[in-house]
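# Observations on chain architecture
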Amino acid sequence: MQYICHQCGRVYPLTTAKYKCACGGLFDLQGVPLNADWASPSRLGINSLWRYQPVLPFADAPELAAGLSLGEGMTPLFPYKAGLPQVAAKADYYMPTLSFKDRGAVVLTALAKKLGVTAMVADSSGNAGTAIAAYAARASITCHVFAPASTSEKKLRQIQAYGAILHTVEGSREDTAQAAIRMVEAERLFYASHIYNPFFYEGTKTYVYEIYQQLGGRLPDDLIIPTGNGTLLLGAYKALLELKQQGAVSSWPRLLAVQAANCAPVYQAFAAEKAEVAAALNLGTSAEGIAIAAPSRGEQILEAIRSTGGRVLAVSEEEILAAQKELLANGISVEITSAANFAAFRQLEREEVGFGCRSVVFPLCGAGLKSL
Ligand SMILES: *Cc1c(COP(=O)(O)O)cnc(C)c1O
Ligand SMILES: [Zn+2]
């Protein structure tokens with residue numbers, strides 16, 4: 001396995017101290033073994049995302065995973081409500097740190113452990129930092145987490161509770177990333193970035209492998225995916241590529257990316273048929289987890305959405321709040337960011353003729369307690 005620049009194709013070893021290519025391009029991961037074993041009946045008893053170890057990095061080092069796993073993955077998929085059997089919710093709020101970020105964090109931390117890292121740095125709007133902090137604790141790695149000072153109090157406390165060293169940054173999400181990178185470079189620390197390091201996407205791709213098996217060896221017509229930096233979306237797309245390559249599926253679901261209308265750079269770029277995502281204004285949104293004004297992998301996000309025939313939805317603050325209310329009225333408590341996914345579902349129902357006949361999966365990917 002090695003890193004390969006998405007832009008110019010230059011390769012770097014996994015031991016590189018660089019987090020992106022000299023040309024400015026971001027890394028993809030090349031050479032992850034795709035062993036068909038993942039679908040064998042003998043693996044069905046493994047009730048975590050490590051069921052998919054044959055298609056993950058470290059397929060040959062099960063002990064790495066065994067020492068790190070907190071039982072993350074294999075989250076329930078259940079029908080949203082009676083009368084809508086084709087609409088299912090994937091409950092990633094069952095994760096150890098209560099968001100889907102555990103999928104990526106466990107794989108990225110396994111890499112750090114394998115490299116012998118003793119201290120690492122992450123930056124996050126909240127949930128990624130929490131997930132990395134938890135796995136760093138488990139791996140006995142010192143962890144610095146940078147987060148915007150405006151991050152909700154509960155998420156900041158959750159990060160600290162795992163023993164991570166929290167650095168709050170006044171300013172934007174982008175200022176926070178810059179502060180983290182300064183520390184990485186000044187102290188030559190491992191950059192446990194869920195955005196830059198492609199090992200994170202190896203973890204998030206299991207979201208789609210799980211859905212495939214939970215639906216009995218098929219995928220739905222549509223996957224609704226929240227999109228800030230695109231870590232779930234790009235992981236999902238990688239899984240689609242792999243499942244096709246392995247002959248498990250012949251067609252793909254549409255990737256339907258969800259943004260908050262008040263911070264919608266991907267929506268704007270998609271609507272204007274651009275190949276790249278320009279920074280947008282963040283006008284303020286309750287969906288803090290997807291409020292990313294300048295996503296670093298914007299070009300890849302657009303490629304993924306377009307190649308599945310998907311589209312981008314922008315949901316208003318009113319729609320997000322109404323969605324949260326409706327979910328709660330149905331016994332489902334998600335953090336406010338995650339209500340945006342359901343708001344997009346309702347918007348699609350209103351806007352697209354025939355949408356009601358399609359099978360859809362939307363994620364409940366952050367627990368309600370995070371924003372209650
Ligand atoms: C991180 C997160 C998102 C957005 O994920 P990106 O990787 O930024 O696209 C959405 N919902 C929740 C609950 C999150 O934690
Ligand atoms: Zn390059």
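For the structure, see preceding data.
Scoring rules and cut-offs
Within every chain, residues take consecutive numbers counted from 1 along the sequence as written. Chain A is the first chain written and ligand 1 is the first ligand written, with later ones labelled in order. Local features are withheld for residues below a pLDDT of 70 in this predicted model, meaning they are given only at 70 or higher, and side-chain atom pairs are given and counted only at 80 or more; totals for whole chains, interfaces and linings count all residues. Excluding hydrogens and water, the side-chain values take into account all heavy atoms of the structure. Salt bridges are counted wherever a side-chain nitrogen of Lys or Arg sits within 4 Å of a carboxyl oxygen of Asp or Glu. For the purposes of this entry, the term helix denotes a DSSP run of H or I that reaches at least four residues, the term strand denotes a run of E that reaches at least two, and both are numbered from the N terminus. Burial classification: accessible surface area is computed with a 1.4 Å probe over protein chains only, and a residue below 20% of its type maximum counts as buried, one above 50% as exposed, and the rest as partly exposed. Pairing between strands is defined by DSSP: at least two bridges between the two strands are required. Only nitrogen, oxygen and sulfur atoms count as donors, using a 2.8 Å cut-off from the metal that widens to 3.2 Å for Na, K and Ca. Water is left out, so coordination shells may look unfilled. Between 85 and 135 degrees for all angles marks four donors as tetrahedral; over 155 degrees for opposite donors together with 65 to 115 for all other angles marks four donors as square planar and six as octahedral; every other arrangement is irregular. The rule is simple: put a 1 Å grid over the protein atoms alone, call a set of points where a 1.4 Å probe fits but cannot get out a cavity, call an open set with protein on both sides within 12 Å along at least five of seven lines a pocket, and count a residue as lining if it has an atom within 4 Å of a point. Grid points are joined across faces, edges and corners, and a volume is the space filled by probe spheres set on the points. Helix axes use the C-alpha atoms of the stretch in contact, all axes being lines fitted to C-alpha atoms, and the angles between their N-to-C directions lie in the range 0 to 180 degrees. If an angle is under 35 degrees, it is roughly parallel; if it is over 145, roughly antiparallel; if it lies from 65 to 115, roughly perpendicular; otherwise it is oblique. By the definition used in this description, the sense in which the near helix is turned from the far one sets the handedness, with an anticlockwise turn below a right angle giving left-handed and a clockwise turn giving right-handed. Any two residues whose heavy atoms approach within 4.5 Å at even a single point are treated as in contact. By the convention adopted, Pro, Cys, Tyr, Trp, Phe, Met, Ile, Leu, Val and Ala count as nonpolar, Lys, Arg, Asp and Glu as charged, and the other residues, Gly among them, as polar. In this tally Asp and Glu are treated as negative and Lys and Arg as positive; neither His nor the chain ends contributes.

The next point concerns the pattern of salt bridges. Counted by the stated rule, this structure contains 20 salt bridges. We note a salt bridge from Glu 242 to Lys 205, for which the minimum N-O separation is 2.9 Å. Here Glu 242, found in helix α8 (residues 231–245), pairs with Lys 205, found in the loop between α6 (199–204) and α7 (206–214); they are 37 residues apart in sequence, far enough to count as distant. Grouping residues by exposure puts Glu 242 and Lys 205 together as buried. A salt bridge links Asp 222 to Arg 358; its shortest N-O distance comes to 2.7 Å. Of the two residues, Asp 222 sits in strand β10 (residues 222–226) while Arg 358 sits in the loop between α12 (336–351) and β13 (360–363), which places them 136 residues apart along the sequence. Among the charged side chains, a salt-bridge network with shared partners connects Asp 222, Arg 254, Arg 311, Glu 351, Glu 352 and Arg 358.

The subject of this paragraph is the sheet that holds strand β3 (residues 27–30). One open sheet holds the three strands; their spatial order is β2-β1-β3, and the pairing between them is antiparallel. In the strand order of this sheet, the two ends are held by β2 (11–12) and β3, each with one partner. Note that strand β1 (residues 2–5) and β3 share four bridges and pair antiparallel. Looking at β3, one finds that Cys 5 is bridged to Phe 27.

What follows covers the coordination of the zinc ion (ligand 2). Working reference: metal with six octahedral donors, ideal angles 90 or 180 degrees; metal with four tetrahedral donors, ideal angle 109.5 degrees. In this structure, Cys 5 (SG), Cys 8 (SG), Cys 21 (SG) and Cys 23 (SG) serve as the protein donors to the zinc ion (ligand 2), at separations of 2.2 to 2.3 Å. Around the zinc ion (ligand 2) sit four donor atoms; with metal-centred angles ranging over 105 to 116°, the donor geometry is tetrahedral. Ordering the donors of the zinc ion (ligand 2) by residue number gives the pattern C-x2-C-x12-C-x1-C. Of this pair, Cys 5 sits in strand β1 while Cys 21 sits in the loop between β2 and β3; the two residues are 16 residues apart in sequence, bridging distant segments of the chain.

Right, let's get into empty space enclosed by the protein. Enumeration according to the criterion identifies one cavity of 30 Å³ or more in this entry. Quantified by volume, the largest cavity comes out at close to 300 Å³. What lines the largest cavity is a set of 26 residues, and nearest its centre among them are Phe 100, Lys 101, Ser 125, Gly 289 and Ile 290. Mapped by element, the contributors of at least two residues to the lining of the largest cavity are α3 (127–138), α8 and α12.

Moving on to the packing of α3 against helix α4 (residues 153–161). The N-to-C vectors of α3 and α4 enclose an angle of 15°; their axes lie 8 Å apart at closest approach. In terms of axis orientation, α3 runs roughly parallel to α4. Helix-helix and strand crossings are classified by hand; for α3 and α4 the assignment is left-handed. Residues Asn 127, Gly 129, Thr 130 and Ala 133 of α3 touch α4, and the partners they reach there are Lys 155, Gln 158 and Ile 159. Residue composition of the contact of α3 with α4, grouped by class: two nonpolar, four polar and one charged.

Attention shifts here to the side chain of Arg 43. Structurally, Arg 43 can be placed in the loop between β3 and α1 (62–68). The charged side chain of Arg 43 is buried without a salt bridge, its nearest counter-charge being Asp 37 at 5.3 Å.

Phi angles above zero are rare outside glycine, and Met 74 is one such case at about 50°. Topologically, Met 74 is positioned in the loop between α1 and β4 (77–79). A positive phi angle, near 55°, is found at Ser 140, a position not held by glycine. Inspection of the secondary structure assignment puts Ser 140 in the loop between α3 and β7 (142–148).

Read these as spatial facts, not as claims about activity.
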